[in-house]
Amino acid sequence: IERTLSIIKPDATRRNLTGKINAKFEEAGLRIVAQKRIFLSLAQAQKFYEVHKDRPFFGELTEFMASEPVVVQVLEGEGAIAKNREVMGATNPANAEDGTIRKEFALSVGENSVHGSDAPETAAEEIAYFFSGLELVG
Ligand code: GTP
Ligand code: MG
């Protein structure tokens, strides 16, 4: 059974959307096996998004992620990585399908409400970045 890392981003926690977003995951058959609300430091956000460090939006992205609390979580299910990305919708909400989290809730390509791992290797790394094995309760 597959696991993926999800982050409910500051634009969504600020608007009190954690429960509505979690309902989308659960309706799609994803199980929340770990979850915590944290306030990332800028250094922690920069480390998490290191792969994007040369992109023009890196500063904006990391400052946004460190601006207000986030909810980090581990989602479990059959094909959880792809399923989560389906439920999230396209990065830019203007391109997201109806019924997806980003279509319903995202404000812009930057403030797009959720993060989801994109492959098994990154999922494993991202889960380990935030959680110890003891915190994953399947
Ligand atoms: P994640 O699940 O967050 O990784 O989204 P993604 O895989 O759909 O997008 P990608 O990895 O390409 O970009 C990572 C994040 O950077 C996005 O979710 C956005 O929050 C942000 N981002 C991407 N493009 C832009 C942009 O043009 N401007 C800004 N401000 N942020 C961007
Ligand atoms: Mg990505």
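Since the structure is predicted, the reported quantities are computational estimates derived from the model, not experimental observations. Once a new chain begins, its residue numbering starts again from 1 and follows that chain's sequence as written. Each chain gets a letter, beginning with A, and each ligand a number, beginning with 1, in the order they are written. Only residues with pLDDT of at least 70 get local features here, since the model is predicted, and only at 80 or more are side-chain atom pairs given and counted; chain-wide, interface and lining totals rely on the full set of residues. The basis for every side-chain value is the complete set of non-hydrogen atoms in the structure, without hydrogens or water.

### Notes on the packing of aromatic side chains
And then number 1: In summary, the pairing rule links any two rings of Phe, Tyr or Trp, Trp by its six-membered ring, whose centres are within 6.5 Å, and it sorts them by plane angle into stacked for under 30 degrees, edge-to-face for over 60 and tilted for everything else. Tallied over the entire structure, the rule returns four aromatic pairs.
And then number 2: Between the aromatic rings of Phe48 and Tyr49, the centroid separation amounts to 4.9 Å while the plane-to-plane angle is 85°, which identifies the pairing as edge-to-face. Residues Phe48 and Tyr49 agree in their burial class; the two are buried.
And then number 3: Both rings, one in Phe48 and one in Tyr129, keep their centres 6.0 Å apart while their planes meet at 35°; by these two values the pair is tilted. Relative accessibility decides the category of a residue: with a 1.4 Å probe and only protein chains considered, values under 20% of the type maximum give buried, values over 50% give exposed, and everything between is partly exposed.

### Digging into the sheet that holds strand β1 (residues 2–8)
And then number 1: A pair of strands is considered paired only if DSSP assigns at least 2 bridges between the two. Put simply, DSSP marks the helices as runs of H or I at least four residues long and the strands as runs of E at least two long, and each gets a number from the N terminus on. The sheet built from four strands is open, its strands ordered β2-β3-β1-β4 with antiparallel pairing. Each end of this open sheet is capped by a strand with a single partner; those strands are β2 (31–38) and β4 (114–116). The sheet shows a mean angle of 20° between the axes of neighbouring strands, taken without regard to direction.
And then number 2: In the sheet, β1 pairs with strand β3 (residues 70–77) via seven bridges, with the strands oriented antiparallel. Helix axes use the C-alpha atoms of the stretch in contact, all axes being lines fitted to C-alpha atoms, and the angles between their N-to-C directions lie in the range 0 to 180 degrees.

### Digging into the UniProt feature "domain: Nucleoside diphosphate kinase-like" (unreviewed entry) in the protein chain
And then number 1: Taking the UniProt record as the reference, the feature "domain: Nucleoside diphosphate kinase-like" (unreviewed entry) is found at residues 1–138.
And then number 2: Spanning residues 1–138, this segment combines 40% helix with 19% strand, and its end C-alpha atoms are found 10 Å apart. UniProt positions are given in the numbering used here, feature names are shortened, and annotations may be inferred rather than shown by experiment.

### As for the site of ligand 1
And then number 1: Residues are classed as near a molecule or strand on a simple rule: at least one heavy atom within 4 Å of it. Lining the immediate environment of ligand 1, one finds 16 residues, of which Lys9, Glu60, Arg85, Thr91 and Asn112 sit closest.
And then number 2: Polar contacts, as used here, are pairs of N or O atoms within 3.5 Å; protein pairs need one atom able to donate a hydrogen and one able to accept it. Residues neighboring in sequence count only if both atoms are side-chain atoms. Here an oxygen atom of ligand 1 and a side-chain polar atom of Lys9 are 2.9 Å apart.
And then number 3: At 2.9 Å, a side-chain N or O of Asn112 approaches an oxygen atom of ligand 1.
And then number 4: For accessible areas, the Shrake-Rupley method is used with a probe of radius 1.4 Å. Any residue's cover is judged against the shown protein chains and nothing else. Summarising the interface, the protein chains cover 81% of the accessible area of ligand 1, which totals 590 Å² for the free molecule.
And then number 5: Counting only elements with at least two residues in the shell around ligand 1, the list comes to α4 (58–65), α5 (80–88) and β4.

### A few points about the pattern of salt bridges
And then number 1: The salt bridge definition used is simple: a Lys or Arg side-chain nitrogen within 4 Å of an Asp or Glu carboxyl oxygen. On inspection of all chains with the given rule, the structure shows seven salt bridges.
And then number 2: Residues Arg15 and Asp11 are paired through a salt bridge, measuring 2.7 Å at the closest nitrogen-oxygen approach.
And then number 3: A salt bridge links Lys103 to Asp98; the nearest nitrogen and oxygen atoms lie 3.7 Å apart.
And then number 4: For Lys103, a relative accessible area of 39% gives the class partly exposed.

### Things to note about helix α2 (residues 18–27)
And then number 1: For α2, the set of buried residues is Thr18, Ile21, Asn22, Lys24 and Phe25. Down the axis, α2 shows its buried residues gathered within 150° of arc, on one side only. Opposite its buried face, α2 presents the exposed residues Gly19, Lys20, Glu26 and Glu27, each directed more than 90 degrees away.
And then number 2: In the segment just after α2, Gly29 is the residue with positive phi, at about 90°. In this context, the arc is that of the directions from the helix axis out to the C-beta atoms.

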